[in-house]
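What follows is the residue order along each chain.
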Amino acid sequence: MKKYDAIVIGAGHNGLTNGAYLAKAGLDVAVLERNSYIGGATVSRELYEGWTYSNCSYVCSLLRPELVRDLELPRHGLQVVPYGGGVTFMRNGDYYGNFYDHERQYREMARHSKRDANAYERYTADVMKQTRLIRPFLLKTPPDPTSLKLRDLKDLMEYGKSFMDLGEAGLIDALKFWTKSVGDFLDEYFESDVIKAHLGGTGVIGTALGVYSPGTAYVLLHHYMGDVDGNVGSWGFARGGMGSVAEALAKSFQGFGGEIICDADVDQIIVRNGKARGVALKNGTELYADTVVSNLDPKRTFLDVMDEKDLPGEVIKKAQNFKIRGSSGKLNIALDGLPSFTGLDQGSPLMLGDYHFSDSLPRIERAYDDWKDGTWSKDPYVDVLIPTQTDPTMAPPGKHMMTVFVQYCPPKVHGNDWTAEDKAGFEKSVIDQIAAHSPDFKDLILHCETRTPKEIEAEVGLTEGNIFQGELTFDQLLFNRPFPGYAQYRGPVKGMYMCGSGTHPGGGVMAAPGANAAREILRDLRKPNTVPEGYADD
Amino acid sequence: MAGADERMLLTTPFHSRVAAACETNCWGNWKGYTTPNSYIDVELEYFAIRSTTGVFDLSPMGKYRVTGPDAEAYLNRLITRDVSKIREKRVGYTVWCDDEGQVLDDGTIFHLGPNDYRICAYARAIDWLLWSAEGFDVCVEEETQNVAALAVQGPTSCAALMAMGLSGLDALKPFGIEYFDFEGEQLMVSRTGFTGDLGYELWIAPEKAEDLWDRLFAAGAPHIIKPFGMEALEMARIETGFIQAGVDFIPAEETIRQGRSRSPFELGLDWLVDLNKPVFNGRKALLDEKSRGSRYRFAILDVAGNKPANNSFILKNGKQVGVVTSAAWCPTAKTNVALAQLEMPHGAIGEELVAEIYYQRELHWTKVNAPCKVLESPVFDPPRRRQTPALPY
Ligand SMILES: Cc1cc2nc3c(=O)[nH]c(=O)nc-3n(C[C@H](O)[C@H](O)[C@H](O)COP(=O)(O)OP(=O)(O)OC[C@H]3O[C@@H](n4cnc5c(N)ncnc54)[C@H](O)[C@@H]3O)c2cc1C
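This one's a predicted model, so the numbers in the text were calculated from it and none came from an experiment.

**Student:** Help me out: how do you make sense of the overall build of chain B in this one?
**Tutor:** Within chain B, the secondary structure is distributed over nine helices and 19 strands. Since a compact globule built from 393 residues should have a radius of gyration of about 21 Å, the 21 Å found for chain B is in line with a globular shape. Projected onto its principal axes, the C-alpha coordinates of chain B cover approximately 65 × 55 × 55 Å. Burial analysis of chain B (393 residues in total) assigns 56% to the buried set. Here the contacts in chain B between residues at least 6 apart in sequence split such that 67% fall between residues at least 24 apart. Carbon and sulfur atoms make up 51% of the accessible area of chain B, which amounts to about 16700 Å² in all. Averaging the coordinates of the 40 positive side-chain charges in chain B and doing the same for the 53 negative ones gives two points 6 Å apart.

**Student:** Teacher, can you tell me more about the packing of aromatic side chains here?
**Tutor:** One pair of aromatic rings is described through two measures. These are the centre distance and the angle between the planes. All names here are of chain A. By the definition in use, this model includes 38 aromatic pairs over all chains. The interplanar angle of 40° and the centroid separation of 6.5 Å between the aromatic rings of Tyr120 and Phe190 together place this pair among those described as tilted. Of this pair, Tyr120 sits in helix α4 (residues 114-134) while Phe190 sits in the loop between α7 (182-187) and α8 (193-200), and the two are 70 residues apart along the sequence. Both residues of the pair, Tyr120 and Phe190, count as buried. Pairing Phe302 with Phe483 gives two aromatic rings, centres 5.8 Å apart and planes at 50°, and the pair type is tilted.

**Student:** Would you mind going over the interface of chain A and chain B with me for this structure?
**Tutor:** Interfaces are often sized by the amount of accessible area the parts lose when they come together. Facing 28 residues of chain A, the contacting portion of chain B comprises 31 residues. Of the roughly 2300 Å² buried at the junction of chain A and chain B (both faces included), carbon and sulfur atoms supply 56%. Where chain A meets chain B, there are ten residue pairs in polar contact (both at pLDDT 80 or more). Elements that contribute at least two residues to the side of chain A that touches chain B include exactly α2 (65-70) and β5 (80-82) of chain A. Here the side of chain A that touches chain B takes three residues from β5 of chain A, the largest share from any one element. Among the residues making up the side of chain A that touches chain B, the classes are represented as 14 nonpolar, eight polar and six charged.

**Student:** Any chance you could explain the environment of Gly101 of chain B here in plain terms?
**Tutor:** Residue and element names in this part refer to chain B. Looking at the element boundaries, Gly101 is found in the loop between β5 (90-97) and β6 (103-113). Residues Gly101 and Ser261 lie 160 residues apart in sequence; the distance between their C-alpha atoms is 9.6 Å. Discounting chain neighbours no more than four positions away, the residues touching Gly101 are Arg262, Ser263, Pro264, Gly282, Ala285 and Leu286.

Cut-offs and rules
Residues numbered from 1 in each chain as written. Chains lettered and ligands numbered in written order. Predicted model: local features only at pLDDT ≥ 70, side-chain atom pairs only at ≥ 80, totals over all residues. Heavy atoms only, no water. Helix = DSSP H or I, 4+ residues; strand = E, 2+ residues; numbered from the N terminus. Rg over C-alpha atoms; globule rule 2.2 N^0.38 Å. Buried < 20%, exposed > 50% of the residue type's maximum accessible area, 1.4 Å probe, protein only. Contact = heavy atoms within 4.5 Å. Areas by Shrake-Rupley, 256 points an atom, 1.4 Å probe, with all protein chains shown as cover. Lys, Arg positive; Asp, Glu negative; His and termini not counted. Charge placed at Lys NZ, Arg CZ, Asp CG, Glu CD. Phe/Tyr/Trp six-rings, centres within 6.5 Å; stacked < 30°, edge-to-face > 60°. Buried area = accessible area lost by both parts, 1.4 Å probe. Polar contact = N/O pair within 3.5 Å; in protein donor to acceptor, adjacent residues only side chain to side chain. Nonpolar A, V, L, I, M, F, W, Y, C, P; charged D, E, K, R; others polar.

Set out below in structure tokens:
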């Protein structure tokens, strides 16, 4: 059997990024994917003729521009197109709109609260201060605070310095941000319920916590720290669907000589004498390499594709205790035309962005209560977009595609497996909520793909369907991601590494974990580094 | 006191529609016409050009009609290219020079019919055009006001125009011209543009301008059509490496200081100069330059980092060897690009230089010396730009 220099398990966008940087350094690399298609949660598929869905992730901002440029992803077909707008519809028939233009945004906020409109400037500055703290470390390996190695100490000092640069007030803000609930955080700035709800929703996306649970302010920050062409915090669509990110990465990887093998379901990482030696597939094939990288989440990596006998007991325990709860669902809908929304003009620029129907934080908190009760939210928090208003490639001209991200949706219903009836009930609660604000919506539906955490786990391999490969709470971030002592992408077995969203800097279509892991691997192999440095954030 | 009309800039035949669409209410002056700098948001407008269809009111562009038995001979005298190679219903990009071989302007020549041409130019040109016409049996007239024009650019532009009824348009080759009937009036369409993408320019009598706009936007809606202003155009043209008169070079007639004009060779436009032609304005000087060597070289630079190198000095081993004339972060190519004038012998493809970039954040100025490299070709040049039949998106 052929021996590779490195094998990457999983063709998620991080596995592909990792492979690309290893191949760029001259290694002979194979990326193995269980599905017949690549991308993991960064995928587009045509499930209804003429319509392309972004089946999981649907908007792009976190993807590191340094990597996009360095891997020449535009040349390989990737285009990220920003969208403006966004609106939260209110029960009373009014709405709050999020205009792209600063002055219009001010006027719209002032319509709800003049004071909030003004406070928004302070809020934006404060959020930007915090993103400036994190952004420089996205393309860096987190230092190990318990290590006495010179490199770790130097990196720790760098972290320390950027914290000190914030000044005392900034430092207090930073601590607040990392520990507070998004609700408490927003209460410090705003009085309008709808404005708080509009801003606060991102604090619980993909997270099994409520808007008043400590730690959710950071999740909001996580959604702010990306950028589109230097506009920090703004989001865009990958033209052709999110799968075009994975496709472009694949072409870049193959351009460096890398090999992608689909329908290759890895059963186990082969370990001999405490060293990784390759992988065994479910179909019995064995493939060999002295470097084996896992793109899977930490639970799957350590409890599924590794033999417990090969692992220190401590790692097994940490993997078992790793927080990776499923809390999100998704609907992808083919529409026969552009739906209208009550109170909003058809051509309004607000329609280009994200729609929500939760007009207060308590409403979002109650949606969380349902999840805690073991069921889907009856009045969910949804993030709805119609990308075909911006992207002409995903549906026939004049037709549309709607992506609906749903918070909350449990991995099991009252502890039992999902039934077809449960799934229909979940779908109905979402569709009814949208239809309450869009009279023609239901009539326009041609096809709907409904995904509960069960489908997301089965198809993408994300444990419990957790979208970030593990919760983004402080105990699982930076040098704690996935767990203390293992945050530098190296596994407990020599030659075994991790490169998925379960490692620093976490979930989202970012490609940073894959690139950071490649840098550490190349370091161990004493190969020149191929991973670019991050742009200075000024 | 001057009357209102005396103080205001002129408006184009599309003005009622342009003004209604111009949400930012942010206007500029283009050769005496009021034109939008932006409509809604520069980024979004730029992406209309690159991802769907963008529409730009081109009417203020200087337009000159050249007719008569000597039209071809006259133009061959005027411009650096061989005009006989621009066949009927074809368009050619060109420059024209003064007797010193210095570029007066760049523009396009439309071969409309037998002995019938249109020149589109940035600078006001009638004086030079008439002067050069001495001794030729031609008629040269300015027709800027008589023709309304729209640029319709982007990957869905062909689909949008076909939806408006321009059937067969997808077969039109780059730089080709086709005529259509538009409500009884002639609509001329050329596959040309200033964005480096698939795109067309529409030319029509001013009386029909508003109707054309309305029908275009109605038919184009499913193909996601949006107007764009000057600033978005500027991003697109830098990304695709097009130089702009008045920015990347100064038209020779407008220069005051010695040595500030440029020859076509110095602007990277060698391919437009046909020295095999026996006579044309500037030929002798250009022949001399060819043997003697040029003073400057045009270069497209890939600049490290994400700070646009606006107005930067270009250094080699710490010594200044050139300046940046245009620079932008290119959102589609995701590259930091600069167009530069470098002193010879610098600027060979692959040469590594340094851009001295100054930028300001919250009143704090910072200097970075960003490594940069001379590129062989523009960073944005998609196959769909040339593909025929044109694709639907
Ligand atoms: C519904 C949903 C919506 C989201 N929305 C957004 C969004 O809008 N924007 C955003 O930035 N992020 C979003 N995310 C998060 C983001 O998509 C993920 O964090 C990211 O794509 C994970 O990438 P990854 O490469 O780390 O891992 P994954 O994408 O999980 O890749 C792992 C790969 O490994 C494969 N695999 C699993 N087991 C095996 C095996 N045994 N053998 C071989 N291969 C195997 C899987 O099939 C998969 O391809 C969303 C996620 C989900 C699920």
